[in-house]
Amino acid sequence: MRVLGIETSCDETGVAVFDGRRGLLADALFSQIDMHRAYGGVVPELASRDHVRRVLPLVDQVLATAGIGRDDLDAVAYTAGPGLIGALLVGAGVAQGLAFGLGIPALGVHHMEAHLLAPMLEPAPPAFPFLALLVSGGHSLLVDVTGLGRYEVLGESLDDAAGEAFDKAAKLLGLGYPGGPAIERLAASGNPARFRFPRPMTDRPGLDFSFSGLKTYTATTVRAHADEPAAAADIARAFSDAVVDTFVIKCRRALKQTGRRTLVVAGGVSANRMLRAALDALGRECDARVCYPAPQFCTDNGAMVAHAGYLRLAAGETSGAAYAVRPRWSLAELLPPVSAA
Ligand code: KG4
Ligand code: ZN
């Protein structure tokens, strides 16, 4: 089975083809980051319009790279949510139009499920059950995963998501958008002993996160050292250490609570090398395997959508036609694949 995947939930147009036997055949991405940078963040209407411009040429490009035609496709998977409504509608419209024209199914995929399963695209994929830390621009979730669509959310962010916190801290430091990679670069030269930021919600039981206090802490520290440009690297380091440490503490707790021996880490923030180094160390401490997507599949991409769609279709799911898009959609609402039979 060959599945075309289309991702347009935010500011990247991603298209890919996944083949059940041969794996990922082709993957292409157009990032709108340069366009949104001037505004310091994603402008939804500009995002939708640019997806309209990019998506069909990217479809042609991946089909050419894969060496197949549209008729060789068996299904089209698209991100149905969560995300920006206009941006989602572009992908959904194109996917459903293509599928209708070709007489094949179109399946709406949950964006966070696609992130969650992305490490399975790697050569030594993790096997169910596992614990998953999903850290993206819109969500921070700790999930106990026992199978496809069997997700128990153990903890989540009560306010800002991890990536959002990176983006806001970067703005306060006068760095560009997106903030995660900018903070990571600056933090590398920062002095870790200069400032110590709080590790939010780690002094009480539970697996939820909160990052809005860190933003306030960062703002106050930036203001107090406004006359010292060199302090920015130390602040970026303190912020980054606080976020990473918070995730390590919560993942340790969740591994102990669930007894899982595999930790899957995915979403845009999972590209962060400081986070990876700290979670790798946690894996050694807890005798757990830690799995990540390849760096290009941490942030939004079409490959994860084609892959998640393939897994559901291969498990017998025939249609996601009950909805077109769902801008707000909790991972906890997902169910295992349902076949029409
Ligand atoms: O998963 P993603 O591409 O989009 C959403 O589903 O939200 O995640 C984007 C987020 C942005 O907030 C970005 O700043 C963050 O991931 N990010 C990073 C890094 N690369 C991207 N955060 C920290 N370190 C990075 N290297
Ligand atoms: Zn994402």
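Before reading on, note that the structure itself is shown above.
Just so it is clear, the model here is predicted, and its values are computed rather than measured.

## Observations concerning the coordination of the zinc ion (ligand 2)
Inference 1: Those donors, H111 (NE2), H115 (NE2) and D300 (OD), are the protein atoms that reach the zinc ion (ligand 2), and they lie 2.0 to 2.1 Å from it.
Inference 2: Summarised as a motif, the one-chain spacing of the donors to the zinc ion (ligand 2) is H-x3-H-x184-D. One end of the pair, H111, is in helix α4 (residues 111-117); the other, D300, is in the loop between β10 (289-291) and α10 (302-314), and 189 residues separate them in sequence. D300 matches H111 in its accessibility class, with the two residues each being buried.

## Side note on the pattern of salt bridges
A side chain of one charge can pair with a side chain of the opposite charge when the charged atoms of the two come close.
Inference 1: In this structure the tally under the stated criterion is 20 salt bridges.
Inference 2: The partner of R54 in a salt bridge is D50, and the shortest N-O contact between them spans 3.3 Å. Placement of both R54 and D50 in helix α2 (residues 44-66) is noted, with a separation of four residues, approximately one turn of the helix.
Inference 3: For K168, the salt bridge is made with D160, and the minimal N-O distance between the two is 3.2 Å.
Inference 4: Taking the relative accessible area as the measure of exposure, K168 reaches 28% and is therefore partly exposed.
Inference 5: A relative accessible area of 7% means that D160 is categorised as buried.

## Examining the site of ligand 1
Inference 1: Around ligand 1 sit 22 residues, and of these G137, D167, E184, G268 and N272 come closest.
Inference 2: The backbone of G137 places a nitrogen or oxygen atom 2.7 Å from an oxygen atom of ligand 1.
Inference 3: One of the backbone nitrogen or oxygen atoms of G268 is found 3.0 Å away from an oxygen atom of ligand 1.
Inference 4: Per-class residue counts for the shell around ligand 1 are six nonpolar, 12 polar and four charged.
Inference 5: Summarising the domain contributions, the shell around ligand 1 has at least three residues from each of domain 1 (2-117 + 297-340) and domain 2 (128-292).

## Some words on the sheet that holds β10
Inference 1: Pairing is mixed across the open sheet formed by five strands, whose spatial order is β8-β7-β6-β9-β10. The sheet is open, and its two edges are formed by β8 (150-156) and β10, each paired on a single side. The sheet shows a mean angle of 25 degrees between the axes of neighbouring strands, taken without regard to direction.
Inference 2: When strand β9 (residues 262-266) meets β10, the two strands line up parallel, connected through three bridges. Across the sheet, V264 pairs through a bridge with C291, a residue of β10.

The rules behind each value
- Residues numbered from 1 in each chain as written.
- Chains lettered and ligands numbered in written order.
- Predicted model: local features only at pLDDT ≥ 70, side-chain atom pairs only at ≥ 80, totals over all residues.
- Heavy atoms only, no water.
- Donors = N, O, S within 2.8 Å, 3.2 Å for Na, K, Ca; no water.
- Helix = DSSP H or I, 4+ residues; strand = E, 2+ residues; numbered from the N terminus.
- Buried < 20%, exposed > 50% of the residue type's maximum accessible area, 1.4 Å probe, protein only.
- Salt bridge = Lys/Arg side-chain N within 4 Å of Asp/Glu carboxyl O.
- Near = heavy atom within 4 Å.
- Polar contact = N/O pair within 3.5 Å; in protein donor to acceptor, adjacent residues only side chain to side chain.
- Nonpolar A, V, L, I, M, F, W, Y, C, P; charged D, E, K, R; others polar.
- Domains from an automatic or database assignment.
- Pairing = 2+ DSSP bridges.
- Axes fitted to C-alpha atoms, helices over the stretch in contact; angles between N-to-C directions.

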